Number of protein chains: 2
Amino acid sequence: MDFISNNNGHLLSKMATNDGHGEKSPYFDGWKAYDSDPYHSTKNPNGIIQMGLAENELSFDLVQEWVVNNPNASICTAEGANEFKEIAIFQDYHGLPEFRKGVANFMGKVRGDRARFDPDRIVMSGGATGAHEMLTFCLADPGDAFLVPTPYYPGFDRDLRWRTGVQIVPVVCESSNNFKITKEALESAFQGAKESNIRIKGLLITNPSNPLGTVLDRDTLKTLVTFINQKNIHLICDEIYAATVFNQPDFISIAEIIEEEDQRNCNRDLIHIVYSLSKDMGFPGFRIGIVYSYNDAVTNCARKMSSFGLVSTQTQHLIGSLLSDDVFVEKFLVESAERLAKRHEKFTKGLAQVGIGSLKSNAGLFIWMDLRRLLKEPTVDAETVLWKIIIHEVKLNISPGSSFHCSEPGWFRVCFANMDDEAVKIALRRIWNFVLQSSKGVEEHAKRKCRNLQLSLSFRRRDDIVMAPHMMSPHSPIPSPLVRAT
Amino acid sequence: MDFISNNNGHLLSKMATNDGHGEKSPYFDGWKAYDSDPYHSTKNPNGIIQMGLAENELSFDLVQEWVVNNPNASICTAEGANEFKEIAIFQDYHGLPEFRKGVANFMGKVRGDRARFDPDRIVMSGGATGAHEMLTFCLADPGDAFLVPTPYYPGFDRDLRWRTGVQIVPVVCESSNNFKITKEALESAFQGAKESNIRIKGLLITNPSNPLGTVLDRDTLKTLVTFINQKNIHLICDEIYAATVFNQPDFISIAEIIEEEDQRNCNRDLIHIVYSLSKDMGFPGFRIGIVYSYNDAVTNCARKMSSFGLVSTQTQHLIGSLLSDDVFVEKFLVESAERLAKRHEKFTKGLAQVGIGSLKSNAGLFIWMDLRRLLKEPTVDAETVLWKIIIHEVKLNISPGSSFHCSEPGWFRVCFANMDDEAVKIALRRIWNFVLQSSKGVEEHAKRKCRNLQLSLSFRRRDDIVMAPHMMSPHSPIPSPLVRAT
Ligand SMILES: Cc1ncc(COP(=O)(O)O)c(C=O)c1O
Ligand SMILES: Cc1ncc(COP(=O)(O)O)c(C=O)c1O
């Protein structure tokens, strides 16, 4: 017998044969480039430095110390192994009570105890990744859409769309007002969708923002709450960077807003929070995602769906103990924020030395770097050209704005918390060298442009762009460390 | 502002508001009943004994011993904590190399090293639950269907159908030939679907079977392979009970069959294995699911989908070490099978003492108990009546055949490996008491029936039904332990 010739296009699902997973993006291409030539201080000092991963590795010493001091928290120590069976066999999708308690406690502490979380509403998922997909499955039918302000995390294209058949309608935000989400932008996206007969089921915001590193202010949050109530659509708040706020202003959670808000002004059934320990604690490997919905039906449905991506009970058990320890949690939150602030300052100051600005930010594990002036022209193509140079010649994997659906070319996300001080130094040196070289080119280019457009090269100084004064012109002195690029 | 009145039916997805999750089944109702009155030897000795959970808790002492003796395997011990950061931060969806190696090694060992598994084909998922959903998403579009022989695991209704929009077309198997999957039954289901314009994309089998506790023989496996090749549809083999085979005949994996089979007779691109450590090791809490596909495109697609349900790296790390230890693995497999055999024997013999038979089986964590003679009439309603009595009066949570889509009323799945010897004793006593009481009823009933139908009460003795000779008539002596039901 000969088998019928194999045509996977026909044998597999449409989903398996289309590109809906969204991996064909420079965001992921950059990771692949890094994988083929990863920097290592001794083994591959000329390799690509990974600055495309929003990881938080600055405070692991605190966790490690706690773990060693609390052998009872693990089922793999002599002290804790007698619980091995009970934990390994536990498969209730409600989760271990101590896990839910610990997570609810932590979520409150991260928000300065200004909001309370009910352990019985904690629903597990496989990371925030799984949480977003679960919520989408709960809230929207195939063909429906969610509004998502740009720039946004590239993974949303996979999480919200791929297996659900749901669409994303971008809400275009612009640098001219620091990428603020305005009522006008929301209305315009909503009306645009309406005209295309697309049913909008909700609005997804990321607060603090990835990639911006900024937090939403109270007024904006209230505007969003009013907007979604008027339209009777859902509001999903991805707050997975909540504990990465390292400077003023404080983080304001949607949980605080709705606790303040008169119930008549806000239908709580429309509000859902996505959380995870991947960023705030730096545990992306543990796949601890949380759906926290104020809607009972959604909580129930999501819990049933969580069967597809529960958190390992081994991990639940450990995390339950860790996050119930208030002394540890409080110390960790303070210390982690301080370290992020320090790293952020070092990094932005280093960039400023060569005149590179970034959006003023106080949160996140990255900065939103402004390289608009290094573009040959303000297009995505030019941005891609620059990005390829940065990856392959400067040897830094950073992520271009286009991969975040940014409406304006020339912005790049640069992660700063996934490496040690030494790597930061080297990364900065590489940037300095590069900018020095391209400044010459930019100068030429700018001169030509000036001649044509009667514009001066000097950049308008703005409050929201961090820029060192001495680098406002390309004639500034070369900072010392860039004698030799690694 | 008043918000538009909340109508979840409109606000949420169809998925969230229908019953597609399949939890409205006696299978799950039984769990709920148990939860409201759980047996405990001292605290609630009259509570319901949980025999509805296919858990394997007989060999945890071996694992616990290994864990304590191998502190390096955990990131939470003084010996292993220096790897905490590296493991917690690892988020590559390919999985830790040592995990893939360990699992591939274990999968081979479980199959007596008669098949080899390539670590690079190991794709993670959130349990077999997540694996089944992932494969369905990869292989079928909404509206398509899979053939599934009955009786089958109730979770398939959720896993294959709920979020995918795919259907299940049952392949009806019957007790008359020990629920064997025949070519005729397959053809008939396939043709039936065709006539209803339903596109069949694959066949899903569970080998060893849940709920039957039997293994498929070589001939049947070859028939299946020929069938799916002729139809050019997929074959998904759920082999999550592979290591629970405790008696002859040996387990034969589909992996062995296709390694033997001429490639011209079998298109490997059609073959996919679902595996998990929930049953063979008894770790359902750890959510270690595996998709092992021989189709490259499916492997790639499933790996991308695995982002929604990866295994915690804390658990990957532990399991990688555990399953790479051949001395442990070999000892565990032998010992676990022996303990299951012993428990199975004790249990079936105990039932036989009161004349209760079950399908002859050599695998699994359950028996398929034959209570047909206790039904008032051969209907699902009568089965449900009996089941309710067993839960609420006999106080055993067992699962009725209807929840497994069994075509013939009167069969019940009874789990025997999720409890200690003491609980088994009590469960048996309760059954004895119950049968003794109902035998009287049955006798009355049978006498009446005999008068009508000219049939004798004696049950035909069959090789595939385990039944104690002295209980072939309801007049047998009462076994001693049933003096008092707990
Ligand atoms: C905004 C945002 N949401 C969700 C995720 C996914 O997080 P997790 O690792 O918990 O799946 C990320 C990861 O980068 C993110 O930045
Ligand atoms: C046949 C079968 N497949 C899959 C599963 C789900 O297993 P897991 O715990 O790995 O999700 C079960 C659990 O009972 C099962 O019996």
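Provided above is the structure to which this section pertains.
Residue numbers restart at each chain and count upward from 1, following the sequence in its written direction. Naming scheme: in the order in which they are written, chains are lettered from A and ligands are numbered from 1. Thresholds applied to this predicted model are a pLDDT of at least 70 for local features of residues and 80 or more for the giving and counting of side-chain atom pairs; totals over whole chains, interfaces and linings are not thresholded and use all residues. The basis for every side-chain value is the complete set of heavy atoms in the structure, and neither hydrogens nor water enter the calculation.

Would you mind going over the site of ligand 2 in detail, with residue names and values included?
Residue and element names in this part refer to chain B. Here, proximity means that at least one heavy atom of the residue falls within 4 Å of the molecule or strand. Looking at ligand 2, there are 14 residues lining it, with T129, N210, D238, Y241 and S276 nearest. Here a nitrogen atom of ligand 2 sits 2.6 Å away from a polar atom, N or O, in the side chain of D238. Any pair of nitrogen or oxygen atoms within 3.5 Å is treated as a polar contact; in protein, a donor-acceptor pairing is required on top of that, and neighbouring residues in sequence qualify only through side-chain atoms on both sides. Here an oxygen atom of ligand 2 sits 2.8 Å away from a polar atom, N or O, in the side chain of S278. Its free accessible area being 390 Å², ligand 2 has 97% of it covered by the protein chains. A run of DSSP states H or I qualifies as a helix once it reaches four residues; a run of E qualifies as a strand once it reaches two. Both are numbered from the N-terminal end. At 3 residues, helix α7 (residues 127-139) tops the list of elements feeding residues into the shell around ligand 2. Residue burial considers only the protein chains on display, and all accessible areas are found by Shrake-Rupley using a 1.4 Å probe.

Which residues make up the interface of chain A and chain B, and what values go with them?
Taken together, the contact pairs 88 residues of chain A with 89 residues of chain B. The term buried area refers to how much accessible surface (probe radius 1.4 Å) is lost by two components on association, counted for both of them together. In total, about 8000 Å² of surface goes out of reach between chain A and chain B, with carbon and sulfur atoms giving 60% of it. In what follows, salt bridge is the name for a side-chain nitrogen of Lys or Arg lying within 4 Å of a carboxyl oxygen of Asp or Glu. Between chain A and chain B we count 6 salt bridges in total. A salt bridge links A:E133 to B:R163; its shortest N-O distance comes to 3.6 Å. At the surface where chain A touches chain B, the tally comes to 28 residue pairs in polar contact (both at pLDDT 80 or more). Each residue belonging to the side of chain A that touches chain B can be placed in one class, and the counts come to 41 nonpolar, 30 polar and 17 charged. Two residues qualify as a contact provided that any one of their heavy atoms is within 4.5 Å of a heavy atom in the partner residue. Three classes are used, and their members are as follows: Ala, Val, Leu, Ile, Met, Phe, Trp, Tyr, Cys and Pro are nonpolar, Asp, Glu, Lys and Arg are charged, and the others, Gly among them, are polar.

Residue-level account of the site of ligand 1, with values.
Residue and element names in this part refer to chain A. In the neighbourhood of ligand 1, 14 residues make up the surrounding shell, with T129, N210, D238, Y241 and S276 lying closest. T129 places a polar side-chain atom, nitrogen or oxygen, 2.6 Å from an oxygen atom of ligand 1. Protein burial of ligand 1: of its 400 Å² of free accessible surface, 96% is covered by the chains. Among the elements that line the shell around ligand 1, the one with the most residues is helix α7 (residues 127-139), at 3 residues. Of the residues belonging to the shell around ligand 1, the class tally is 5 nonpolar, 6 polar and 3 charged.

I'd like a rundown of the sheet that holds strand β2 (residues 122-126) of chain B, residues and numbers included.
Residues and elements named next belong to chain B. Any two strands are treated as partners once DSSP identifies two or more bridges connecting them. Pairing in this open sheet of 7 strands is mixed, and the strands run β2-β8-β7-β6-β5-β3-β4 from one edge to the other. Edge positions in the sheet fall to β2 and β4 (167-171), since each has one partner strand and no second. Strand after strand, the sheet turns through a mean of 25° between neighbouring axes, direction not considered. Where strand β6 (residues 234-238) and strand β7 (residues 271-276) come together, 4 bridges link them in parallel fashion. In the strand pairing of β7, L235 is matched with I271. Axis angles are defined between N-to-C directions and span 0 to 180 degrees, where every axis is a line fitted to C-alpha atoms and, for a helix, only to the segment in contact.

Residue-level account of the sheet that holds strand β8 (residues 288-293) of chain A, with values.
Residues and elements named next belong to chain A. Pairing within the open sheet is mixed, and its 7 strands lie in the order β2-β8-β7-β6-β5-β3-β4. The open sheet terminates on both sides in strands that have one partner only, identified here as β2 (122-126) and β4 (167-171). The mean inter-strand angle of the sheet, taken between neighbouring strand axes irrespective of direction, is 25°. Direction of pairing for strand β7 (residues 271-276) relative to β8: antiparallel, over a ladder of 5 bridges. Paired with I273 across the strands is Y292, a residue of β8. Along the sheet face, α7 touches β2, β3 (145-149), β5 (200-206), β6 (234-238), β7 and β8 and points at about 110° away from the line of β2.

Provide a residue-level description of the packing of helix α6 (residues 97-110) of chain B against helix α13 (residues 313-324) of chain B, including the pertinent values.
Residue and element names in this part refer to chain B. Where α6 contacts α13, the axes come no closer than 7 Å and their chain directions differ by 40°. Classed by the angle they form, the pair α6 and α13 counts as oblique. As α6 packs across α13, the resulting crossing turns out to be left-handed. Seen from α6, the contacting residues are E98, F99, G102, V103, N105 and F106; seen from α13, they are Q316, H317, I319, G320, L323 and S324. Of the residues in the contact of α6 with α13, the class split is 5 nonpolar, 6 polar and 1 charged. Any angle that falls under 35 degrees is termed roughly parallel, while one over 145 is termed roughly antiparallel, one within 65 to 115 roughly perpendicular, and all others oblique. Two helices cross in a left-handed way if the nearer one is turned anticlockwise from the farther one by less than a right angle. They cross in a right-handed way if the turn is clockwise.

Summarise α7(B); cite the residues concerned and give the values.
Taking 1.5 Å of rise per residue, the 13 residues of α7(B) would be expected to cover 18 Å, and the 19 Å separating its terminal C-alpha atoms lies within 8% of that figure. Where burial is concerned, most of α7(B) is hidden: 13 out of the 13 residues are buried. Expected span of a helix: the number of residues minus one, times 1.5 Å. Residue exposure (1.4 Å probe, protein chains only): buried if accessible area is under 20% of the type maximum, exposed if over 50%, otherwise partly exposed.

Go over the pattern of salt bridges, please, and point to the residues and values.
Following the criterion strictly, the structure yields 53 salt bridges over all chains and no others. A salt bridge links A:D157 to A:R161, with the nearest nitrogen and oxygen atoms 3.4 Å apart. You can see A:D157 and its partner A:R161 sitting in helix α8 (residues 155-162), 4 residues apart, about one turn around the helix. For A:R161, a relative accessible area of 34% puts it in the partly exposed group. Taking the shortest distance from any N to any O, the salt bridge between B:D37 and B:K395 comes out at 3.0 Å. In this pair, B:D37 sits in the loop between α3 (26-36) and β1 (49-50) while B:K395 sits in the loop between α15 (380-394) and β11 (396-397), placing the two residues 358 residues apart along the sequence.

Pulling in residues and values, what's your account of the side chain of B:D144?
Position of B:D144 among the secondary structure elements: in the loop between α7 and β3 (145-149). Residues contacting B:D144, with those up to four places away along its chain left out, are B:V166, B:Q167, B:R199 and B:K201.

Go over the side chain of B:S253, please, and point to the residues and values.
Residue and element names in this part refer to chain B. Note on placement: S253 falls in the loop between β6 and α11 (254-260). A relative accessible area of 0% places S253 in the buried class. Within the structure, the side chain of S253 is placed 2.8 Å from the side chain of E239, a separation counted as a polar contact. In this structure, S253 is in contact with R111, E239 and I273, ignoring residues within four places of it in sequence.

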